[in-house]
Amino acid sequence: MITPRITRLLRVPDLRAMHQAIAGCIPPHDPLAARTCAVIVPTTGAAVALGRTLETLCPGGGPGLLVLPDLLTRRDFYRVLHERLPGAPGMLSAFEREVLLRRAARAADLEGASPPFRLRPGLILEILGFYDELRRRGRSVADFERLMTDSLAPSADIDRGAARMLRQTRFLAAAFAGFEQGVEATGRHDEHALRTLLIQREGPPPYRHVVVTVADQAADPFGLWPADFDLLARIRGLERLDVIATENVLAAGFHERIHDLLPGLDEERRGSPGAGPVLAAPQPATGAETRLWHVCRDREEEMADVARWVVRTRNPDRFVVVFQRPLPYLYLARYVFGDAGLPYQAVDSLPLAAEPFAAALDLVFTFAAAEANRASLVALLGSPHWRFAPEPGAAYVTPEAVAAADALLRDWKYFGGWERLAELAAEAPVGVSSAVRDRPGLRSAAPAILAAARAAERIRAIEAAPGASAQIAALRAFIRDHERPPDPVGMGNGPGAMGQGPWAMGDGEWAMGNDWFSAHVRARAAILGALESLECAHAQHDDRPLPFGELAGTIRRWIEGQTFSPQTGHDGLTMLDGPAAAYADADEMRICGLVEQDWPDRGRRSIFYPAALLSQLGWPDERDRHAAGRARFRDLLRLPGLRLSLSTFTLEDDAVVPASPLLEELGSSGLAVEHQPADGMPRIFKHEALSEEPIAAEAVHGPAASWLALRLSRSDGSDSRFHGSCGPRAPSTYAVSHLERYLDCPFKYFAKHVLRLDEERKDEAGLSPQERGQLLHDVFERFFDEWRATGRGRITAANLPQALELFEEVAEARLAPLSESDRAMERTYLLGSAVSSGLAARAFAFEIEHGVDVVERLLEYTLEGEFDFEGPEGTRRLGLRAKADRIDLLADGTIRVIDYKLGRAPKPSRALQLPVYGLCAAQHLEGRHGRQFPVSRAGYVAFREKNAFVPLGGSTSLEEALDEGQQRLLRTVSAVERGEFPPQPDEPFICTRCGYAPVCRKDYVGDE
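Let me sum up the structure you'll find in this document. (Residues numbered from 1 in each chain as written. Predicted model: local features only at pLDDT ≥ 70, side-chain atom pairs only at ≥ 80, totals over all residues. Heavy atoms only, no water.)

What about the overall build of the protein?
On a plain count of helices and strands, the protein comes out with 36 helices and 25 strands. Considering only residue pairs separated by 6 or more positions, the protein has 78% of its internal contacts joining residues 24 or more positions apart. When the accessible surface of the protein is totalled, it reaches about 46,000 Å², and 51% of it is carbon and sulfur. (Helix = DSSP H or I, 4+ residues; strand = E, 2+ residues; numbered from the N terminus. Contact = heavy atoms within 4.5 Å. Areas by Shrake-Rupley, 256 points an atom, 1.4 Å probe, with all protein chains shown as cover.)

Below you can see the structure in the form of structure tokens.
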């Protein structure tokens, strides 16, 4: 092994000392030394942050004066090494490597080493990633095959899992060998061949000095691999290699590993630990638990809180906002900081998949994969990024036509299919009156349906192209013909606005307007360039046609794996992700988004082998990753010079999220705590600026003053209308099912029955719950009508076969109009299957068990009128309306109330309908047949319950269950009449499927 002349490990106590150590490793004003020095950092954002920090630390530096070394990520380091290698062969692109591996995988399959899974685009990329990691850990394909085979072969005969993995190993080894042969045949290099060439080749070195500021991959997802350290140890001409790491990271296991990776490493200690910042914590309320971090409702409120803290600082340019997941914070910053008039700067790697152009292309793929089902059809035609016409030369489809098609296809229960779409298009020629008469609403929907059919023809033609390169060319043509470019000035303004004429498609002719337009152009250019590169790769290496799903999957996977780095602003506060923040020089810092799903960053596990097998190949232990993640977080806590604050939030995507376990580190951080009251926060947003006393008193009058007071009361809690109250309401006749909705969530009742908002409906691949419930009730009602007509009474063990036979006849007649798939599903609910009994068998079983003759059955019985209920304040008379599934008048002079459920019986604490039905029925039926009918039994026949019959109240007596339901009814009615409708779901998880989520403030979060 050829080692550099000087190889050092520089141990630093904290991140500020690391900055000083990096500055001490480079000569600040020596251009020659700077050009031959490289500093390896985790991300592009880290390179920018470190550059600014070095300009501050190096004396006499300053912008434009300091000569910086190359600040490079690992990927950029390899790119520069290749560029500086004279006469080096060209590098294979990522697309060419993927195509070569796909070809090798197919060849391995054909030659007998078949995989135990279907080769899909996502798996091709995973296999390529596994190969790269194998080589980066210093293992060859032969090492991999030998070690895996030796471990799996002995148990393959008795263990199906081992046999499957052994088969997988043989396939992967064959595919990897074919891939390496394919790479060699091209005459070009990939990363692994480049490493070998750099070690073996004589000549001037690309760099004489390399400073490594990241740990290894076992400790840092952006760290170096064993093969990278091996390259640095053996590359010819490298005179100095410095590895800089904090004591926390070294103590987490990196110290031992770095000495194994670089034997003979000298150690030096640099710097002394700083005093650490003050931890700015919220002032706890009286009697509340003391917390060292701020808790916000969601990410938007978190960013608003950050803006208020920044304004309080004397120097916002020295304030850094840190996050783990950039996307939500960088997009929120545009609106929150813009509203506050707060300048900010951000350089980060954003996912290309989050850009509008990528999302627009994904709509095409979804349309094809779903064979133009209603949701994908409406999304594609309604997208502002595409334009479609019903026929050549016709006007583009309007949003009104798309909306009409959406409504019509929903009513028709259209679920997609190329042939079905073609049939609808054949019925929808524009202006044909007969078609309009046959299908109401078709006239307005016809343009959209015809346009969708034309788009479907183009997409099916893509799949039918003779080769993969021709398929991609056809996809590019589809994009060119149907893309609707945005207006760089403003949507809908000027001649270049959407839908107002053609737009020049050459990339050089696109105007570079504001930041969003520039980002759109860059994303578009990246994706179109990728399609062109993929087309060339297939044309050169493997031009067999691909199924459209496989082609779309390949493009999707590439887009999801790519990032681009837009820069926003040049002054104000700085926004950085966690890896980049470690290189920033800051006085104050806010670490945001400390929730379990973001902090710590979760490492990716292999999908091919368990950790125990991979450890033989050098894969690290998960415990090392966790320990290193906590170590990096502890370092980050002590980075700012003056003040640190942290925040988490409780709600995301309509679900409650737990806080990060890393917050446990605050207790042992040793930082001084400073509690700051929230009431001292300045008002910085535009609507808040109007609330200053002089303005409110002198300038804001009349409607403006009313609006201002209303706007402020929404957030300060002074107006209860924005927290679930709408004032007293007059008594009325209540539907019992509506009141049970109140128990689910009061806000759902408010949205549906007070505001009268339509609930957002989702596509149902079959009958909706309402339709299924109606079918169930219809079948039972018809069965008992016919059963009674035959002169039979209660169902007994003797006549059970006749009852089941009659029920099946009634059910089949009712199911006949449904589609074949719907019939099969509903038949299972009603009649059961080989593994479970249906509702009929359950309903009959409990009747046999009860053993009491039935005098009269009241099916779908309407209970409407005024009824008396006993509460703590005496008797109250309520107007109610309800429809009971079934009330049996029994021979013993009592009644039995039954409620059918397709799911499970409701919890006893929430049961309302059944006890109210029982109480109302006893009053409503008084005097029938000249007698009274008290309730003797009540319960549920539920399809998904273990028992055939679930009694009301569970383990409590019937009398107690009826009384509890009575009190629950009175409390619910009183709350409705007080106008109390807070967003407080009985179970928070129901928020994830609520149709009123877009209009709900979810103020219940954090109230417990």
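Now that the structure has been shown, we can carry on.
So, helix α6 (residues 121-136)
Counted at 1.5 Å a residue, the expected span for α6 with its 16 residues is 22 Å, and the 23 Å between its end C-alpha atoms agrees. Within α6, twelve of the 16 residues are buried, which leaves it mostly tucked inside the rest of the structure. Turning to α6, its buried residues number three or more, namely P121, G122, L123, I124, I127, L128, F130, Y131, D132, E133, L134 and R136. Immediately downstream of α6, the backbone of G138 shows phi near 80°, a positive value. (Expected span 1.5 Å × (residues − 1). Buried < 20%, exposed > 50% of the residue type's maximum accessible area, 1.4 Å probe, protein only.)

Some points on the packing of aromatic side chains
Applying the stated criterion to the full structure yields 33 aromatic pairs. Aromatic side chains F130 and W619 sit 5.5 Å apart centroid to centroid with 25° between the ring planes, which places their arrangement in the stacked category. Note that F130 is positioned in helix α6 and W619 in the loop between α24 (611-614) and α25 (622-637), a separation of 489 residues in sequence. W619 carries the same exposure label as F130, and that label is buried. Residues F780 and F807 carry aromatic rings whose centres are separated by 5.1 Å and whose planes lie at 55° to one another, so their mutual orientation is tilted. (Phe/Tyr/Trp six-rings, centres within 6.5 Å; stacked < 30°, edge-to-face > 60°.)

Brief notes about the packing of helix α29 (residues 736-744) against helix α35 (residues 913-924)
Two quantities define a packed helix pair, namely the angle between the axes and the distance from one axis to the other. Running from amino to carboxyl end, α29 crosses α35 at an angle of 145°, the nearest separation of the two axes being 10 Å. Like other packed secondary-structure pairs, α29 and α35 cross with a definite hand, here right-handed. Every residue of α35 that contacts α29 at V736, S737 and E740 is listed here: Q913, V916 and Y917. Of the residues assigned to the contact of α29 with α35, the class counts are three nonpolar, two polar and one charged. (Axes fitted to C-alpha atoms, helices over the stretch in contact; angles between N-to-C directions. Left-handed = near helix turned anticlockwise from the far one by under 90°. Nonpolar A, V, L, I, M, F, W, Y, C, P; charged D, E, K, R; others polar.)

A short note on the pairing of strand β1 (residues 6-12)
Here is the key point about a regular strand: its side chains alternate between the two faces of the sheet. Buried residues dominate β1, accounting for six of its seven residues. Where β1 meets strand β5 (residues 240-246), seven bridges bridge the pair, whose relative direction is parallel. The residue of β5 that forms the bridge with L10 is I244. In this structure, β1 lies alongside strand β6 (residues 266-269), joined through four bridges in parallel fashion. Bridge pairing in β6 links R8 to D266. (Pairing = 2+ DSSP bridges.)

Topic: the side chain of T73
Along the chain, T73 falls in the loop between β3 (70-72) and α4 (74-83). With a relative accessible area of 12%, T73 lands in the buried category.

Comments concerning the pattern of salt bridges
In the structure shown here, the tally under the stated rule is 63 salt bridges. When the shortest N-O distance is used, the salt bridge between R476 and E535 registers 2.7 Å. Of this pair, R476 sits in helix α20 (residues 468-482) while E535 sits in helix α21 (residues 515-541), and the two are 59 residues apart along the sequence. E535 gets classed as buried once you look at its relative accessible area, which sits at 18%. Among the ionic pairs, R625 bridges to E622, the shortest N-O distance being 3.8 Å. Highlighted residues: R625 and E622, both in helix α25, separated by three residues, approximately one helical turn. Of the residues examined, R625 reaches a relative accessible area of 18% and is grouped as buried. Overall, E622 belongs to the partly exposed group, its relative accessible area being 23%. (Salt bridge = Lys/Arg side-chain N within 4 Å of Asp/Glu carboxyl O.)

Considering the environment of A446
Its place among the elements puts A446 in helix α19 (residues 442-463). Between the C-alpha atoms of A446 and L424, which are 22 residues apart in sequence, the distance is 9.0 Å.

Re helix α5 (residues 94-110)
Across its 17 residues, α5 extends 25 Å between first and last C-alpha, which sits within 8% of the 24 Å expected from 1.5 Å per residue. A large share of α5 lies buried, amounting to twelve of its 17 residues. Within the sequence span of α5, burial applies to F95, E96, R97, E98, V99, L100, L101, R102, A104, A105, R106 and A108. G112 lies just past α5 and shows a positive phi near 110°.

So, the sheet that holds strand β4 (residues 209-212)
The pairing of strands in a sheet comes from backbone hydrogen bonds and takes either a parallel or an antiparallel form. Here six strands make up an open sheet; going across it, the order is β3-β2-β4-β5-β1-β6 and the pairing parallel. One side of each edge strand has no neighbouring strand; the edge strands of this open sheet are β3 and β6. Strand-to-strand, the axes of this sheet are offset by a mean angle of 20°, without reference to chain direction. Where strand β2 (residues 37-40) and β4 come together, four bridges link them in parallel fashion. Bridging from a neighbouring strand, V39 pairs with V211 of β4. Here α4 sits on the sheet in contact with β2, β3 and β4, set at roughly 125° to β3.

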